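Analysis of the macromolecular model
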Amino acid sequence: MPSLPWSDIDTVLLDMDGTLLDLHFDNHFWMEHLPQRYAELHGVSRAMAEMELQPLFERNAGQLQWYCLDFWSAELKLSVRDLKLETAHLIALRPDADTFLAAIKRAGKRVVLITNAHRDALSLKLEKIELAPYFERLISSHDYGFPKENPQFWDALQADIDFDPARSLFIDDTLPILRSARDFGVAHLLAVREPDSRKGPKDTAEFAAVGDYRDLIAGL
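Residues numbered from 1 in each chain as written. Predicted model: local features only at pLDDT ≥ 70, side-chain atom pairs only at ≥ 80, totals over all residues. Heavy atoms only, no water.

**Considerations on the packing of aromatic side chains**
Scanning the entire structure with this criterion turns up 15 aromatic pairs. Ring geometry for F100 and Y213: centres 5.0 Å apart, planes at 20 degrees, overall stacked. Taken together, the residues span a long stretch of sequence, with F100 in helix α5 (residues 97-106) and Y213 in helix α9 (residues 213-216) at a distance of 113 residues. The class of F100 is buried, set by a relative accessible area of 0%. (Phe/Tyr/Trp six-rings, centres within 6.5 Å; stacked < 30°, edge-to-face > 60°. Helix = DSSP H or I, 4+ residues; strand = E, 2+ residues; numbered from the N terminus. Buried < 20%, exposed > 50% of the residue type's maximum accessible area, 1.4 Å probe, protein only.)

Structure below.
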């Protein structure tokens, strides 16, 4: 991966799930734990649970409610927050993400977390992993009413924190979100090579990808 032009970067915008935290927690929760507990709580088979959940997932993917625990709790008639606590032991930092965070903060960069995670999900993860001290702000897309995939998120973010897209780095593991940032004018973009530690590398299409956070610190 080419080294970053750190002298041209003032603001570092970072995603959370799959970027700083191992996506295994979220993938396991939504694809394994939730269908199993849904089946148990509603008295249906696991196969039936998946048949009922799949169209709901497909219909809401990429929209703000996809990331909203309150929406899913009402939709599925169960407490998603409580179910997440059952698997909270799986919440884990990606290798050397904290080393990277400490380095960019020490270098005087402005560091802002921007996540689609619902505030309740964000709070749960911050209880397990001490991320908050590294950041100037912790922003959930629910604060603005638009997910990061939506151009209006970026307008709201700029109005809120007044950053220069041309002098900003954004790292995220979701390609539609990176493309949305690119369309807004964010100049420095990186995908994540292996967001879920159990699934191996992913295709990051036109985006360069970070595999080892220690590589990004060169030149700081």
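Anyway, onward from the coordinates.
**Here's the deal with the pairing of strand β3 (residues 137-140)**
As judged from the four bridges shared by strand β2 (residues 110-115) and β3, these two strands associate in the parallel manner. If you follow T115 over to β3, its bridge partner there is S140. Handedness of the crossover is the feature at issue here: the chain leaves β2, passes through helix α6 (residues 119-128), returns alongside β3, and the resulting connection is right-handed. (Pairing = 2+ DSSP bridges. Right-handed = clockwise from strand over helix to strand, strands pointing away.)

**Focus: the side chain of N60**
Here N60 is to be found in helix α2 (residues 46-60). The buried category is assigned to N60, whose relative accessible area is 6%. The contact partners of N60, leaving out residues within four places of it in the chain, are Q65, W66, F71 and W72. (Contact = heavy atoms within 4.5 Å.)

**Digging into the packing of helix α1 (residues 24-42) against α2**
Look at α1 against α2: their axes get within 9 Å of each other, and the N-to-C directions meet at 120 degrees. By the angle between their directions, the pair α1 and α2 is classed as oblique. Judged by the sense of rotation from one axis to the other, the crossing of α1 with α2 is right-handed. Together, W30, M31, E32, L34, P35, Q36, Y38 and A39 of α1 and R46, A49, E50, E52, L53 and F57 of α2 make up the contact between the two elements. The residue makeup of the contact of α1 with α2, split by class, is nine nonpolar, one polar and four charged. (Axes fitted to C-alpha atoms, helices over the stretch in contact; angles between N-to-C directions. Parallel < 35°, antiparallel > 145°, perpendicular 65-115°, else oblique. Left-handed = near helix turned anticlockwise from the far one by under 90°. Nonpolar A, V, L, I, M, F, W, Y, C, P; charged D, E, K, R; others polar.)

**As for α6**
The complete set of buried residues in α6 reads A121, L122, L124 and K125. The arc that holds every buried residue of α6, seen down its axis, measures 160 degrees, which confines them to one face. In this fold, the buried residues of α6 make contact with α1, α3 (69-76), α4 (80-86) and β2. (Arc of directions from axis to C-beta.)

So far we have only geometry, and geometry alone does not tell us how the molecule works.
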